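Overview (structure and organization)
Chain residues, written in single-letter form:
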Amino acid sequence: NGLRAPVGTVELLDDLRDHWGHKAHKIERDRLIQRLQEFAMKRKIKVTILGGDVHCAATGTIMGDRKRLCDDCTITQIVSSAVGNEPPPGPLIK
C-alpha cells in the first residue's frame, strides 16, 4: 500500500521497475536489442545507447548471441547521472 510506505519507497520501487532487467520489460528489451543489432550489421556501424536518471553512472556492453557473434553486434551502453544525485543502496545496483 503506497499510503503507508516509508518516504521514498514508492519512488524507489518505481525506479526498479524501470530497469532494463525487470521482468516486465524482458520482451521489449530483447526486441530492441535485436533490432539495434540487425541495424548495426546491415549498416556496418557501431551502436551506442546513452541513458541517465538512475542516480549512478555506469558503462556496459551488450554482446551478440553466439550464433551471430560479430563486432557489429556489440552495443555499448553509457549511463550518466547528475553529480548531485545520491546513488541507491549498493545491493540495488546491478
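What comes next concerns the included structure. The shown structure was predicted, so the numbers you read here are calculated from the model rather than taken from an experiment.

1. Focus on the pattern of salt bridges
Tallied over the entire structure, the rule returns 2 salt bridges. For Arg-29, the salt bridge identified is with Asp-30, shortest N-O distance 3.1 Å. On the accessibility criterion, Arg-29 (18% relative accessible area) is buried. Take Asp-30: its relative accessible area is 33%, and that puts it in the partly exposed class. Beyond isolated ion pairs, a larger network of salt bridges with shared partners links Lys-26, Arg-29 and Asp-30.

2. Regarding the side chain of Thr-74
Counting through the fold element by element, Thr-74 comes out in the loop between β2 (58–62) and β3 (75–80). Assessed through its relative accessible area of 17%, Thr-74 is described here as buried. Excluding residues within four positions of it along the chain, Thr-74 makes contact with Val-47, Thr-61, Ile-62 and Met-63.

3. Notes on the sheet that holds β2
Overall, mixed pairing links the 3 strands, which are arranged β1-β3-β2 in an open sheet. Each edge of the sheet is formed by a strand with only one pairing partner; in this case those strands are β1 (47–52) and β2. The sheet shows a mean angle of 20° between the axes of neighbouring strands, direction not considered. Two elements, β2 and β3, share 5 bridges in a ladder whose sense is antiparallel. Residue pairing for β3: Ile-62 is matched across the bridge by Ile-75. Relative to β1, helix α2 (residues 26–43) is tilted by about 140°, and along the sheet it contacts β1, β2 and β3.

4. Some thoughts on the nonpolar core
One finds Ile-33, Ala-40, Val-47, Ile-49, Ile-62 and Ile-75 forming the largest nonpolar core, which totals 6 residues. Those elements that provide at least two residues to this core are α2 and β1.

5. Describing unusual backbone geometry
Residues other than glycine seldom take positive phi values, yet Lys-44 does so here, at roughly 55°. Secondary-structure assignment places Lys-44 in the loop between α2 and β1.

Rules used throughout
- Residues numbered from 1 in each chain as written.
- Predicted model: local features only at pLDDT ≥ 70, side-chain atom pairs only at ≥ 80, totals over all residues.
- Heavy atoms only, no water.
- Salt bridge = Lys/Arg side-chain N within 4 Å of Asp/Glu carboxyl O.
- Buried < 20%, exposed > 50% of the residue type's maximum accessible area, 1.4 Å probe, protein only.
- Helix = DSSP H or I, 4+ residues; strand = E, 2+ residues; numbered from the N terminus.
- Contact = heavy atoms within 4.5 Å.
- Pairing = 2+ DSSP bridges.
- Axes fitted to C-alpha atoms, helices over the stretch in contact; angles between N-to-C directions.
- Core = buried A, V, L, I, M, F, W, Y, C linked by side-chain atoms within 4.5 Å.

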